[in-house]
Amino acid sequence: MPNLKFFSGESVPLEMHKVRMVQKINLHPVEKRMQCMSEAGFNTFLLKNLDIFLDMLTDSGVNAMSEKQYAAMLQADDSYAGSETYFRLEKVLQDIFGMKHFLPAHQGRACEHIIAQTIVKPGSVALMNYHFTTTKAHVSLMGGTVEELINDEGLKIQSSNLFKGDMDTGKLTEAVKRIGKEKISFVRIEAGTNLVGGQPVSMANLREVSRICRSEGIKLIYDASLLTDNLYFIKIRDPEFKDADIKDITREIASLVDIIYFSSRKLGAARGGGILTSNEELFIKMREMVPLYEGFLTYGGMSVREMEAMAVGLQESMDMDVISQTPIFVEALCSELQAKGIPVVTPPGGLGCHIDATEFCSHIPQTHYRAGALASAVFIAGGIRGMERGTMSEQRNEDGSERLAEMELLRLAFPKRVFTLSQVKYVADRIAWLFKNRNLIGGLEFVEEPKVLRFFFGRLKPVSNWPDMLVQQFRKDFGESL
Ligand SMILES: Cc1ncc(COP(=O)(O)O)c(C=O)c1O
């Protein structure tokens, strides 16, 4: 991270890279934005990229790649079995994590599928600091359930806890006693906990969780998809690691767990995924699944070009200048919004800025998907695509009733090294306008609701003509401006 002092005294999140390839983006007039949102069934997943000005849906598979990653793609060795590319990637992963075995898979959820197929038994319970949508779906498909043991601060929108992703180890001990260790399929710690606002897990917490799991003989799995943000926060927020090397922190994390898996659409700025372990028995069991569901063991469903890019991207992820870019931009946007009185998750996490839809849209009932409605409104207001992380992202209970989310968030993700500071300021401006006009935003209801992962391709409609009212107000306030 640049340790630069500005003469003005201002704190500016300085970009430690230069842009050498660009993509033109479109900002449609507000009426067209409303039409696009309507055609997309008021679900931001169903928008077309061509119609989006700033795509803040996710950082998954859309991070800027370095010139070294592109160069590495040219040396890809394409072969069904025994590709040199695989051995290069394996070596990088072994070097970074110090684990013995690497199994490739086409993305993060494919790793979850393999792990769940191998370990989860019907009726078992997986304990997690917090669930991720696809992780929970794979555990459920195998007949298991998920129990979340996040610390109490983790679910508070505003907190001074610097590691809100920590698992409550008291709750873990209690859960092991109550459930019985033989019924616990695994304990899973997610780095940079996605669904609670990209919040990190402290090393002290991981050490303690690991100690408990090892003493009980329970497998500990670490989801490293958002590892880089977590590494950044460990270094910045924990005095013990102030002078530590990023790679040493990574090595210590790996030494505490039995399995690491990751989506390299996030970690390593490429497209793919992988599972790492030093446990022979688990390795052999999981290995059987790879050719069955993914592809042969030396590509696992990935393009070898992406594997080359991943190998370089992973090495670059050990550089503080590279990994600090997202958290410092997230912090910049959160600070601008907070200064305008807009409720955001604090302290700022990695991944993106998370707006608290419960406060922003308190007038919308939770059953009308207030975070989803806010996501639609933000797109209409500024061509900015965010992601609902609330009740819409939940699955209904067995009896068909809504499972109301603990937090209703709108996530504005920062693909790594993609946006500029003026774009961040634009986002803050349009959201400030929306906040002033928040009473115009209304709820949504499903018209097509898939049973599994409904937020991906479910379609909704507004409960009133609120989108038209919003467009009218926009024209009134911004005149001819886009
Ligand atoms: C924490 C976490 N785990 C797993 C996944 C799944 O990865 P993928 O999208 O590559 O399937 C994601 C994706 O966003 C994630 O954020």
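Asker: How should I be thinking about the overall build of the protein in this particular structure?
Answerer: A tally of helices and strands in the protein yields 18 helices and 14 strands. Projected onto its principal axes, the C-alpha positions of the protein cover 65 × 55 × 45 Å. By the burial criterion, 49% of the 482 residues in the protein qualify as buried. Long-range pairs, those at least 24 residues apart, make up 72% of the contacts in the protein between residues at least 6 apart in sequence.

Asker: I tried to follow the environment of Leu 149 on my own but got confused; where do I start?
Answerer: Position of Leu 149 among the secondary structure elements: in the loop between β4 (145–148) and α6 (169–179). With 23 residues separating them in the primary sequence, Leu 149 and Leu 172 have C-alpha atoms 6.7 Å apart. Contacts of Leu 149, omitting those with residues within four sequence positions, involve Leu 127, Asn 129, Met 167, Asp 168, Lys 171, Leu 172 and Ala 175.

Asker: Sorry if this is basic, but what is going on with the nonpolar core here?
Answerer: A general trend in soluble globular proteins is that nonpolar side chains are found buried together. Ranked by size, the top nonpolar core spans 137 residues in total, and within it Ile 115, Ile 260, Ile 275, Leu 333, Leu 374 and Val 378 carry the most contacts. It is helix α15 (residues 370–382) that contributes the most residues to this core, nine residues altogether. Two domains share this core, each providing at least three of its residues, namely domain 1 (30–59 + 322–478) and domain 2 (67–318). Apart from the residues lying within four places of it in its own chain, the contact partners of Leu 333 are Cys 353, Leu 412, Val 424, Val 427 and Ala 428.

Asker: Please explain the sheet that holds strand β9 (residues 352–356) as it appears in this structure.
Answerer: Strand pairing in a sheet relies on backbone hydrogen bonds, with the paired strands running either antiparallel or parallel. One open sheet holds the three strands; their spatial order is β9-β12-β11, and the pairing between them is antiparallel. The open sheet terminates on both sides in strands that have one partner only, identified here as β9 and β11 (387–389). Shown here is a sheet whose adjacent strand axes are inclined to one another by a mean of 30°, direction ignored. Both β11 and strand β12 (residues 409–413) contribute to a ladder of three bridges, which runs antiparallel. Looking at the pairing, Met 387 lines up with Arg 411 of β12.

Asker: Even after reading the chapter, I still don't get the domain arrangement of the protein, so can you show me in this structure?
Answerer: Domain annotation of the protein identifies domain 1 (30–59 + 322–478) and domain 2 (67–318). Each side of the interface is counted separately: domain 1 has 24 residues, and domain 2 has 25 residues. Looking at the side of domain 1 that touches domain 2, the elements that each hand over two or more residues are α12 (320–323), α13 (325–339) and β9. Top contributing element to the side of domain 1 that touches domain 2 by residue count: β9, with three residues.

Asker: Even after reading the chapter, I still don't get the site of the ligand, so can you show me in this structure?
Answerer: Close to the ligand lie 14 residues; Gln 107, Gly 108, Arg 109, Ser 225 and Ser 263 are nearest. When the residues that make up the shell around the ligand are grouped by side-chain class, the tally is two nonpolar, eight polar and four charged.

Asker: Is there a simple way to explain the pairing of β9 in this structure?
Answerer: Taken residue by residue, a regular strand's side chains alternate between the two faces of the sheet. Of all five residues that make up β9, five are buried, and the element is covered over most of its length. By the bridge criterion, five bridges tie β9 to β12 in an arrangement that is antiparallel. Bridge pairing in β12 places Ile 355 opposite Leu 410.

Asker: Would you take a moment to explain the packing of helix α4 (residues 108–119) against helix α5 (residues 133–141) for this structure?
Answerer: Relative orientation and spacing of two packed helices are given, respectively, by the angle between their axes and the distance between those axes. The N-to-C vectors of α4 and α5 enclose an angle of 25°; their axes lie 9 Å apart at closest approach. When the axes of α4 and α5 are compared, the pair comes out roughly parallel. Helix-helix and strand crossings are classified by hand; for α4 and α5 the assignment is right-handed. For the pair formed by α4 and α5, the contact residues are Gly 108, Arg 109, Glu 112, His 113 and Ala 116 on the first element and Thr 134, Thr 135, His 138 and Val 139 on the second.

Asker: What exactly am I supposed to notice about unusual backbone geometry here?
Answerer: Excluding glycine, residues mostly carry a negative phi; peptide bonds, for their part, are mostly trans. Residue Pro 347 is bonded to the preceding Thr 346 through a cis peptide linkage, with omega at -5°. Its location among the elements puts Pro 347 in the loop between α13 and β9. A positive phi is found at Phe 42, a non-glycine position, where the angle reads about 50°. Mapped onto the secondary structure, Phe 42 falls in the loop between α1 (30–39) and β1 (54–55).

Asker: I'm lost on α4 in this one. Help?
Answerer: Residues lying three or four places apart along an α-helix face the same way, a consequence of the helix completing one turn every 3.6 residues. Helix length check: α4, at twelve residues, gives a terminal C-alpha distance of 17 Å against a target of 16 Å (1.5 Å per residue), a fit within 8%. Here α4 lies mainly inside the structure; eleven of its twelve residues are buried. Restricting attention to buried positions, one finds in α4 the residues Gly 108, Arg 109, Ala 110, Cys 111, Glu 112, His 113, Ile 114, Ile 115, Ala 116, Thr 118 and Ile 119.

Asker: Sorry if this is basic, but what is going on with the environment of Met 469 here?
Answerer: Position of Met 469 among the secondary structure elements: in helix α18 (residues 466–478). With 15 C-beta atoms packed within 10 Å, Met 469 lands in the partly exposed category. Sequence separation of Met 469 and Ala 339 is 130 residues, and the distance between their C-alpha atoms is 27 Å.

Asker: Would you mind showing me how to read helix α3 (residues 84–97) here?
Answerer: For α3, spanning 14 residues, the distance from its first C-alpha to its last is 20 Å, which sits close to the expected 20 Å at 1.5 Å a residue. Restricting attention to buried positions, one finds in α3 the residues Thr 85, Tyr 86, Arg 88, Leu 89, Leu 93, Ile 96 and Phe 97. Taken around the axis of α3, the buried residues stretch over an arc of 165°, which confines them to a single face. Across from the buried face of α3, at angles greater than 90 degrees, the exposed residues are Phe 87 and Lys 91. Gly 98 lies just past α3 and shows a positive phi near 70°.

Asker: Looking at this model, I keep getting lost on the pairing of β12. Mind explaining?
Answerer: Counting buried positions over the five residues of β12 gives five, a clear majority of the element. Here β12 shows two buried faces, one formed by Leu 409, Arg 411 and Ala 413 and the other by Leu 410 and Leu 412.

How each quantity is defined
Residues numbered from 1 in each chain as written. Predicted model: local features only at pLDDT ≥ 70, side-chain atom pairs only at ≥ 80, totals over all residues. Helix = DSSP H or I, 4+ residues; strand = E, 2+ residues; numbered from the N terminus. Buried ≥ 20, exposed ≤ 12 C-beta atoms within 10 Å, placed from the backbone. Contact = placed C-beta atoms within 7 Å. Core = buried A, V, L, I, M, F, W, Y, C linked by C-beta atoms within 7 Å. Domains from an automatic or database assignment. Pairing = 2+ DSSP bridges. Axes fitted to C-alpha atoms, helices over the stretch in contact; angles between N-to-C directions. Near = placed C-beta within 6 Å. Nonpolar A, V, L, I, M, F, W, Y, C, P; charged D, E, K, R; others polar. Parallel < 35°, antiparallel > 145°, perpendicular 65-115°, else oblique. Left-handed = near helix turned anticlockwise from the far one by under 90°. Expected span 1.5 Å × (residues − 1). Arc of directions from axis to C-beta.

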